Amino acid sequence: MDAAELRRVYEAVLVEVDAGGFGPPEDGELSAEQIVAHLAANDELMSEATEAVLAGSPFAYYDLETIHRPQLDALVSECGGLDALAALLRATSQKLCTLAERLGPAAETPVDTVLREGFDLDVDESLPWGRALDLHTRVHLPMHLAQLRALRHHPQPA
């Protein structure tokens with residue numbers, strides 16, 4: 001688990017969010033606001049699990065499936081727009097990165113982990129927590145970064 005790489009990937013996501021210019025999503029896809037809300041809510045869950053690992057808790061359960069669209073829509077509404085969501089993501093990602101930097105040998109602590117994001121990520125097993133954070137860094141965040149980039153306004157051919 002590389003906390004510096006985690007910070008770099010978050011920075012890339014935040015640069016993309018700050019650039020704005022997102023169009024509407026395809027049917028069934030998430031909007032830019034929903035993607036950022038999803039990442040912030042996800043950070044909070046991962047921070048809770050990381051705090052439990054650091055505290056020596058015998059278990060920490062992380063379930064991405066608990067973040068559904070109604071919760072995302074509520075968070076989007078509560079924040080009131082992409083700028084506030086970006087500020088929230090800055091705070092949640094900073095907290096997660098700071099906690100990850102403190103893990104050290106605790107990164108090997110097994111954690112019951114459920115990660116399901118489309119076809120790209122499907123994990124339902126006990127993993128060393130550092131490995132779960134590594135999957136977040138190398139698969140989950142880049143997948144959502146690609147979604148954000150795909151939402152850019154593209155000129156429509158005449």
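Here we summarise the structure given alongside this text. Note that the structure is predicted; figures quoted are calculated from it, not measured.

## Section: the overall build of the protein
Okay, so step 1: Looking only at helices and strands, one finds five helices and three strands in the protein.
Okay, so step 2: Helices (α) and strands (β) of the protein occur, in sequence order from the N terminus, as α-α-β-α-α-β-β-α.
Okay, so step 3: Taken over 158 residues, the protein has a buried fraction of 46%.
Okay, so step 4: Contacts spanning at least 24 positions in sequence make up 74% of the contacts within the protein whose residues lie at least 6 apart.
Okay, so step 5: Split by element, the accessible area of the protein, about 8,100 Å² in all, is 53% carbon and sulfur.

## Some points on the packing of helix 2 (residues 32-54) against helix 4 (residues 82-102)
Okay, so step 1: Packing of helix 2 against helix 4 leaves a shortest axis separation of 9 Å and a crossing angle of 25°. The angle between helix 2 and helix 4 falls in the class roughly parallel. Once helix 2 is placed against helix 4, the crossing between them reads as left-handed.
Okay, so step 2: A class-by-class count of the residues in the contact of helix 2 with helix 4 yields 15 nonpolar, four polar and six charged.

## With respect to the pattern of salt bridges
Okay, so step 1: Following the criterion strictly, the structure yields nine salt bridges and no others.
Okay, so step 2: Asp134 serves as the salt-bridge partner of Arg131, at 3.0 Å between the closest nitrogen and oxygen. Taken together, the residues span about one helical turn, with Arg131 and Asp134 both in helix 5 (residues 129-150) at a distance of three residues.
Okay, so step 3: Among the residues examined, Asp134 registers a relative accessible area of 14% and is labelled buried.
Okay, so step 4: Where salt bridges share partners, they join Asp2, Glu5 and Arg8 into one cluster.

Rules behind the numbers
- Residues numbered from 1 in each chain as written.
- Predicted model: local features only at pLDDT ≥ 70, side-chain atom pairs only at ≥ 80, totals over all residues.
- Heavy atoms only, no water.
- Helix = DSSP H or I, 4+ residues; strand = E, 2+ residues; numbered from the N terminus.
- Buried < 20%, exposed > 50% of the residue type's maximum accessible area, 1.4 Å probe, protein only.
- Contact = heavy atoms within 4.5 Å.
- Areas by Shrake-Rupley, 256 points an atom, 1.4 Å probe, with all protein chains shown as cover.
- Axes fitted to C-alpha atoms, helices over the stretch in contact; angles between N-to-C directions.
- Parallel < 35°, antiparallel > 145°, perpendicular 65-115°, else oblique.
- Left-handed = near helix turned anticlockwise from the far one by under 90°.
- Nonpolar A, V, L, I, M, F, W, Y, C, P; charged D, E, K, R; others polar.
- Salt bridge = Lys/Arg side-chain N within 4 Å of Asp/Glu carboxyl O.

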